[in-house]
Amino acid sequence: MRVIICKDYDEMSRKTAEIFAERIKAKPDIVLGLATGSTPEGLYAELVRINKAGEISFKQVRTFNLDEYVGVAPDHDQSYRYFMNEKLFDHVDIDKANTHVPNGKADDLAAECAGYEEKMKAAGGVDLQILGIGSNGHVGFAEPGSPKDGRTSLVDLTESTIKDNSRLFDSVDEVPKQALSMGIGTILDAKEIVLVASKESKADAIAAAVEGASSTDCPASFLQEHGNMTFVIDEAAASKLKSADSYEKA
Ligand code: F6R
């Protein structure tokens, strides 16, 4: 496990984009696992910049997003499909047919989840997964209590996640209460994982994820067991780590 502490959000985003650019150059048809949320926005902006500068191409890149709200149409401005189009896909040379986000409006949600796992498998599995972290330690929408071997499934969002996400909706009542999400088992199957975290509000979750015991109380703590795991975090998110001095500085 590698922990890289960056001065601030911009450095965290640049450092993570460097890792992504290297991997895309090494494998042009790489399978990326992608996340939404505020934290990876800087990474996506940097990837757009590097793509426009001609340094990397997404022409053969394939992507699978972690999750999507249930009951929210892809063209709804709070859907995760919409977010990905806005922040990344519409601005790079990717073939949208190669981009996948679970369909939260599917008639048969269980079949949608099983089919999503099948598609990932057929693509050869995720080579590089980007993750954010919830203030409660969730990754994707694998909330506290999620099993370590969980697969893509229909999940109930916790009260704390609904509250965290309400900033993006007109009121807390409008926040969807369920999502389709990769499970911890699905996430751990990725060949390489990078988790980004910024701000003091993530400091407790990062301390539990990096230095806490591996436990369903903090789903991100299971990432410690992955053989190719890097946490790229800013100083504020690192502020509650006991061994902060012993980790790499960007
Ligand atoms: C989003 C996702 C979530 C977020 C997490 C942090 O696809 O899977 O786990 O990564 O909720 O969100 P932000 O970055 O907005 O704090």
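Structure: see above.
This one's a predicted model, so the numbers in the text were calculated from it and none came from an experiment.

(A) Representation of the packing of helix H2 (residues 41-52) against helix H3 (residues 80-87) in the model. For the pair H2 and H3, interaxial distance at closest approach is 10 Å and the crossing angle is 40°. The angle between H2 and H3 places the two elements in the oblique class. Each of Glu 41, Tyr 44 and Val 48 in H2 lies in contact with H3, whose residues at this interface are Phe 83, Met 84 and Lys 87. Here the residues of the contact of H2 with H3 sort into four nonpolar, no polar and two charged.

(B) Highlighting the environment of Leu 241. Following the sequence through the fold, Leu 241 ends up in the loop between strand E10 (229-234) and strand E11 (248-249). Residue classification places Leu 241 among the buried positions, given a relative accessible area of 6%. Residues Leu 241 and Ala 208 lie 33 residues apart in sequence; the distance between their C-alpha atoms is 8.7 Å. Leave out the neighbours within four places in its chain, and Leu 241 touches Ile 206, Ala 207, Val 210, Glu 211, Ile 233 and Tyr 247.

(C) Molecular detail of the site of the ligand. In the vicinity of the ligand there are 14 residues, among which Thr 39, Asp 67, His 138, Gly 140 and Lys 202 approach most closely. Taking Ser 38, its main chain carries an N or O atom lying 2.8 Å from an oxygen atom of the ligand. Within the side chain of Lys 202, an N or O atom sits 2.6 Å from an oxygen atom of the ligand. For the ligand, the accessible surface in isolation is 410 Å², of which the surrounding protein chains cover 92%. The pocket occupied by the ligand, as judged from atoms lying within 2 Å of grid points, is the largest pocket. Tallied by class, residues from the shell around the ligand come to three nonpolar, eight polar and three charged.

What counts and how
Residues numbered from 1 in each chain as written. Predicted model: local features only at pLDDT ≥ 70, side-chain atom pairs only at ≥ 80, totals over all residues. Heavy atoms only, no water. Axes fitted to C-alpha atoms, helices over the stretch in contact; angles between N-to-C directions. Helix = DSSP H or I, 4+ residues; strand = E, 2+ residues; numbered from the N terminus. Parallel < 35°, antiparallel > 145°, perpendicular 65-115°, else oblique. Contact = heavy atoms within 4.5 Å. Nonpolar A, V, L, I, M, F, W, Y, C, P; charged D, E, K, R; others polar. Buried < 20%, exposed > 50% of the residue type's maximum accessible area, 1.4 Å probe, protein only. Near = heavy atom within 4 Å. Polar contact = N/O pair within 3.5 Å; in protein donor to acceptor, adjacent residues only side chain to side chain. Areas by Shrake-Rupley, 256 points an atom, 1.4 Å probe, with all protein chains shown as cover. 1 Å grid on protein atoms, 1.4 Å probe; cavity = no way out; pocket = protein on both sides within 12 Å on 5 of 7 lines; lining within 4 Å. Sits in = over half its atoms within 2 Å of the grid points.

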